[in-house]
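Topology and contacts: notes
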Amino acid sequence: MTVKHSLILALESSCDETAASVVKDGRVILSNVIATQHDLHEQYGGVVPEIASRAHIEKILPVIDQAIKQASVTFDDLDAIAVGNRPGLIGSLLIAVSAAKSLAWSLGKPLIGVDHVQAHLYAADLVMDANLPWPEPVYPALGLVVSGGHTCLYDVTGALHMSRMGRTIDDAIGEAYDKAAVILDAGYPGGPLVDKLAQSGDVTAVAPLPISMLGKTSLDFSYSGLKTALLYRVRGKPTGKGKQVKFEYSAKDLSQTDKANLAAAFQAAAIGAINKKIHRALDQLDEQGKMPKRLLVGGGVSANSQLRKQMLALGQERGLKVCLPPMSVCLDNAAMLGGLAHHRFITSDFDDLNLPVIATSSM
Ligand code: KG4
Ligand code: ZN
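Residues numbered from 1 in each chain as written. Chains lettered and ligands numbered in written order. Predicted model: local features only at pLDDT ≥ 70, side-chain atom pairs only at ≥ 80, totals over all residues. Heavy atoms only, no water.

Per the counting criterion, the structure on display carries zero disulfides. Considering cysteine sulfurs only, Cys152 is the nearest to Cys15, which forms no disulfide, with 16 Å between them. With no disulfide of its own, Cys330 has Cys323 as its nearest cysteine by sulfur position, at a separation of 13 Å. Relative accessible area serves as the criterion here: at 0%, Cys330 is assigned to the buried category. (Disulfide = S-S within 2.5 Å. Buried < 20%, exposed > 50% of the residue type's maximum accessible area, 1.4 Å probe, protein only.)

What follows deals with the coordination of the zinc ion (ligand 2). Octahedral metal centres with six donors ideally show angles of 90 or 180 degrees, and tetrahedral centres with four donors ideally show 109.5 degrees. The coordination sphere of the zinc ion (ligand 2), as far as protein atoms go, consists of His116 (NE2), His120 (NE2) and Asp332 (OD), spread over 2.0 to 2.1 Å. Expressed as a motif, the donor residue spacing for the zinc ion (ligand 2) is H-x3-H-x211-D. Taken as a pair, His116 and His120 lie in helix 4 (residues 116-120) at a separation of four residues, close to a single helical turn. Taken as a pair, His116 and His120 share a single burial class, namely buried. (Donors = N, O, S within 2.8 Å, 3.2 Å for Na, K, Ca; no water. Helix = DSSP H or I, 4+ residues; strand = E, 2+ residues; numbered from the N terminus.)

A few words now on the nonpolar core. The biggest cluster of nonpolar side chains holds 48 residues, and the ones touching the most others in it are Phe266, Ile274, Ile278 and Met311. Within the residue set of this core, elements represented by two or more residues are strand 6 (141-146), helix 5 (173-183), helix 6 (190-199), helix 7 (224-235), helix 8 (256-287), strand 11 (294-298) and helix 9 (305-318). The element contributing the most residues to this core is helix 8, with 15 residues. Listed in part, the 26 residues of the second largest apolar core include Leu11, Val22, Ala99 and Ala104. (Core = buried A, V, L, I, M, F, W, Y, C linked by side-chain atoms within 4.5 Å.)

And the structure:
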């Protein structure tokens, strides 16, 4: 017998967010609690793994309690415990995975380990209000994951079924945003601050930054050239090598207007690459008679103002339904894991207490 309904508690601690969420029937978010650690990592300009895992230990139980309370459910009401067990920082992943195993074992509930990257692609199908219509997701879809670790295109044929069409060959787009923030001295966390800075800039006021297409048919991405181009534009010519390298200027020599214009140029190239590759992927799928019904977008960079605008415009141009995640589930969260886990729950596809933590994604 196929069980259609589910109430799943999901836990997430793959990087620097400790999160717990209760999701109903794979679609409706009853609670979505996220404790960020940005303040702990700010002074280092990036996530320090040891600090992250220690903070997860402190946050995980209060975050779980809050998620249960906000959802107005009890532990007994739950049908399963889901957890992101890949990819991520091993020491961080271990915290939510250990908590999920303890809960599953002590409550006698099934355990479901979820791939974080696959879950990002599911976020656009989550809803915050059960009273609004939430039609069944249709496939095939073209999937775009844009996060701190991934920049990938997928041919998605179901919530749990996808094959990769393209990926970054060097930096991920989120990573490029974070590095751009350091180059522009824009603050931490980089992505949202560069996005904000770019919104006040004039992209036409500076020469464009390069978009890497990697040949005529490639669906892969490359962001390291863009990052270097921005570095040279901000700091001028380098002399010397390695640790001895010296530049003509620094971001401190730029006016706020210059910085904003350069951020806008960076954003135009970074998002422009996504736009162009999606058009290319759609052309290729169309030629193969596999035109997708939807464009699914997920990952932290799906919160980007320009990306959201451009994806919606692209959808209009190509007659494609564009599904963007609600802002509350763009960045790392547990709701996307709880939603995706439903599709394993309904086929009784569970993990046992040997569920491993894995640094990389198989997606
Ligand atoms: O999905 P996510 O929370 O974590 C990973 O799975 O990596 O994505 C985090 C990334 C970071 O690199 C962050 O700078 C970027 O998403 N990000 C943004 C924006 N908000 C977050 N990048 C550009 N514009 C934004 N508004
Ligand atoms: Zn993520």
